[in-house]
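Observations on the three-dimensional arrangement
The chain contents come next:
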Amino acid sequence: MASSLTKGTAEQEKTSPASGKTFFGHPRGLAPLFMTEMWERFSYYGMRALLVVYLIAGGPDAKPDSQGGGLAMPEASSVAIYSVYVAMVYLLAMPGGWFGDRVWGPRKTVAIAACVIMAGHLALAIPGKPSFFAGLALVAAGSGLLKANISTMVGHLYDGPQDPRRDGGFTIFYIGVNVGAFAAPLVIGTVGQKVNWHLGFSIAALGMGLGLIFFLLGTRHLSPTSSVVPKPLTAEERKATLTKAALWLAVAVAFYGVVGGTGHFTQKWATIPLALLGVVIPITVLTRIKRDKELTASEQTKVSGYIWFFVAAAVFWMIFDQAGSTMSTFAEKKTADNVFGIDFPSTWFQSVNPLWVMAIAPVFASMWLWLARRDREPTTTVKFSMAMVGIGASFFVFAIPMAMATDGTKVTPAWLLMIYGIQTMGELCLSPVGLSLTTKMAPKKYASQMMGVWFLAVTAGDCTMTLLSESGADLNGIGVILGQAAAATLAGLAVWMYRKRIEALMGDVR
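Another aspect to go through is the overall build of the chain. Regarding its fold elements, the chain presents 18 helices and four strands. Against the compact-globule benchmark of 24 Å for 510 residues, the chain has a radius of gyration of 22 Å, which places it among compact chains. Its C-alpha atoms give the chain principal-axis dimensions of about 65 × 55 × 40 Å. Taking all 510 residues of the chain together, 54% fall into the buried category. For the chain, the share of sequence-separated contacts (at least 6 apart) that also reach a separation of at least 24 residues comes to 82%. Of the roughly 21,300 Å² of accessible surface on the chain, a fraction of 69% belongs to carbon and sulfur atoms.

As structure tokens, this is what we get:
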């Protein structure tokens, strides 16, 4: 039966709609994946833009909450919650990839994920802390299921790792991410911050619903491979997995039951263990994959090379993801919210990065192609090094307006516009390139799961920030900002200095 399924799949691939009409010169199946990701990002980034300002609204660290309904939390607690939430979104991409590889297949997993995300946003639309944190958990779980699998499905559209359109396809896909991310703060952020917080969360649910519709309508254009479960669980494996899951759940319930029952529970009992998991799990997963004796010698070597990129990406995202926390609170409290006599909510700053991406991503894509035709395109290691130096430079610049605002002065929005521009150039050297690199270097056994591993770099970076915040470090302190800038710059220089050794480990991947 397995051999006939493989044969049937191969025959379907020969006549797949993906090889017919094109989408900007790429397989037609890229269009529904583009639209699905765009609307999912609309829902995610809209909610993310509101998250910290909603948590601090009505509290001592924020402007007066004119509409009421904010959770009035201290800034440090809000930043820790934000960081660990974003970390969990990306941490859960790993089990999301596992579900795609072992249980449902990528296509079915994405459809289920969209439904879970919708349910999460609807829970956020219900006032109260219990529904708010339940909603965060559902959105994180659904996003984890969707992330690795939809990126894997993009990879399925191309004729192997050496297809010259592959990097360009991921760049177009990344533009879809940023179209949704750009519109979300303008729509969801404005409605949530100026009209009603929970109405804003409801619009996020509507956005994910539209994404699900586009996905279901466009499935006929996807590669048939996306419906196949690469390595289905056996009955014994399914039973063992359910047993382990039930055991760990029972341990967690018992532990927190004791902590809560004795009156010792505080926010740190939730954020710190999750943050520690977010650092330990990526290390454990990479170690397990590296030691898998079923991998070929070539796959083992590529995993060793991949670890370099993973560490660099973790440092990059540690800084970059502060757009929704440290930089968001700076925008809310210390940046002017009036330009040419027009007032605007601080959530609008969350649209600046995706606007920069849409403006310069086509330039970068064309530049890489132009250089490739002349055999002068920078290698992946050089692109990563450029990204690290860029993100470090952005925080060196960020220290300037932070120093200017220490006396209560509100700085011009131009500072944040410039910082986001510098970060975006680094992002375009790392993020779409990293997605494509992961699909090229992934061992066959871990096809979807390796996309989850890539997202674990975000988890590691964000969890580091959570641990810093909960340890009492002042993330708005100039010293901490400069320290992060120096760490990123040094990491970028290390990748550049050892680029020949890293490229040797990459084998035929460039």
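Once you've had a look at it, read on.
Attention now moves to the nonpolar core. Judged by nonpolar contacts, the single largest core of 143 residues is most densely connected at Tyr85 and Trp317. If you tally residues by element for this core, the top one is helix H2 (residues 30-56), at 16 residues.

Moving on, we get to the environment of histidine 26. Within the secondary structure, histidine 26 sits in strand S2 (residues 26-27). Under the relative-accessibility criterion, histidine 26 is labelled buried at 9%. Taking C-alpha positions, histidine 26 is 46 Å from glycine 477, a pair spaced 451 residues apart along the chain. When near neighbours in sequence (up to four residues on either side) are disregarded, histidine 26 contacts Lys21, Tyr158, Arg165, Gly168, Gly169 and Ile172. A polar side-chain atom of histidine 26 sits 2.9 Å from a polar atom in the side chain of tyrosine 158.

By convention here, two paired aromatic rings are described through the distance between centres and the angle between planes. Following the criterion strictly, the structure yields 23 aromatic pairs and no others. Among the aromatic residues, those joined into a cluster by ring pairs are Tyr54, Phe132, Phe133, Trp197 and Phe201. Looking at lysine 147, its charged tip hangs above the ring of phenylalanine 455, at a distance of 5.2 Å from the centre.

Looking now at helix H3 (residues 75-91). With 17 residues, H3 should cover 24 Å at 1.5 Å per step; its first-to-last C-alpha distance of 24 Å lies within 8% of that length. The buried fraction of H3 is high, at 16 of 17 residues.

Moving on, we get to the packing of helix H14 (residues 380-404) against helix H15 (residues 414-441). Across the interface, H14 lies against H15 with an axial gap of 8 Å and an inter-helix angle of 160°. Relative to H15, the element H14 is oriented roughly antiparallel. When the axes of H14 and H15 are compared, the crossing they make is left-handed. Along the lines of polarity and charge, the residues of the contact of H14 with H15 split into 21 nonpolar, six polar and one charged.

A cluster of nonpolar side chains, Leu206, Leu210, Ile213, Phe214 and Leu217, forms an exposed patch at the surface whose accessible area comes to about 470 Å². The residue leucine 217 is located in helix H8 (residues 197-218) in this model.

Here serine 436 lies in helix H15. What makes serine 436 buried here is its relative accessible area of 1%. Beyond its immediate chain neighbours, meaning those up to four positions away, serine 436 contacts Arg166, Asp167 and Phe170.

We now examine the pattern of salt bridges. According to the stated counting rule, one finds seven salt bridges in the structure shown. A salt bridge links arginine 48 to aspartate 321; its shortest N-O distance comes to 3.8 Å. Residue arginine 48 is located in helix H2, and its partner aspartate 321 is located in the loop between helix H11 (297-320) and helix H12 (326-334); the two are separated by 273 residues in the primary sequence. Across the pair, exposure class does not vary: arginine 48 and aspartate 321 are buried alike. Taking the shortest distance from any N to any O, the salt bridge between lysine 445 and aspartate 292 comes out at 2.7 Å. Of this pair, lysine 445 sits in the loop between H15 and helix H16 (447-470) while aspartate 292 is found in the loop between helix H10 (268-290) and H11, placing the two residues 153 residues apart along the sequence. Classification of lysine 445 by relative accessible area gives partly exposed; the value is 31%. Take aspartate 292: its relative accessible area is 10%, and that puts it in the buried class. The network of salt bridges with shared partners includes Asp292, Glu294 and Lys445.

Cut-offs used in this document
- Residues numbered from 1 in each chain as written.
- Predicted model: local features only at pLDDT ≥ 70, side-chain atom pairs only at ≥ 80, totals over all residues.
- Heavy atoms only, no water.
- Helix = DSSP H or I, 4+ residues; strand = E, 2+ residues; numbered from the N terminus.
- Rg over C-alpha atoms; globule rule 2.2 N^0.38 Å.
- Buried < 20%, exposed > 50% of the residue type's maximum accessible area, 1.4 Å probe, protein only.
- Contact = heavy atoms within 4.5 Å.
- Areas by Shrake-Rupley, 256 points an atom, 1.4 Å probe, with all protein chains shown as cover.
- Core = buried A, V, L, I, M, F, W, Y, C linked by side-chain atoms within 4.5 Å.
- Polar contact = N/O pair within 3.5 Å; in protein donor to acceptor, adjacent residues only side chain to side chain.
- Phe/Tyr/Trp six-rings, centres within 6.5 Å; stacked < 30°, edge-to-face > 60°.
- Lys NZ or Arg CZ within 6 Å of the ring centre and 35° of its normal.
- Expected span 1.5 Å × (residues − 1).
- Axes fitted to C-alpha atoms, helices over the stretch in contact; angles between N-to-C directions.
- Parallel < 35°, antiparallel > 145°, perpendicular 65-115°, else oblique.
- Left-handed = near helix turned anticlockwise from the far one by under 90°.
- Nonpolar A, V, L, I, M, F, W, Y, C, P; charged D, E, K, R; others polar.
- Patch = residues over 30% accessible without salt bridge, like charges linked within 9 Å, V, L, I, M, F, W, Y side chains within 5 Å.
- Salt bridge = Lys/Arg side-chain N within 4 Å of Asp/Glu carboxyl O.

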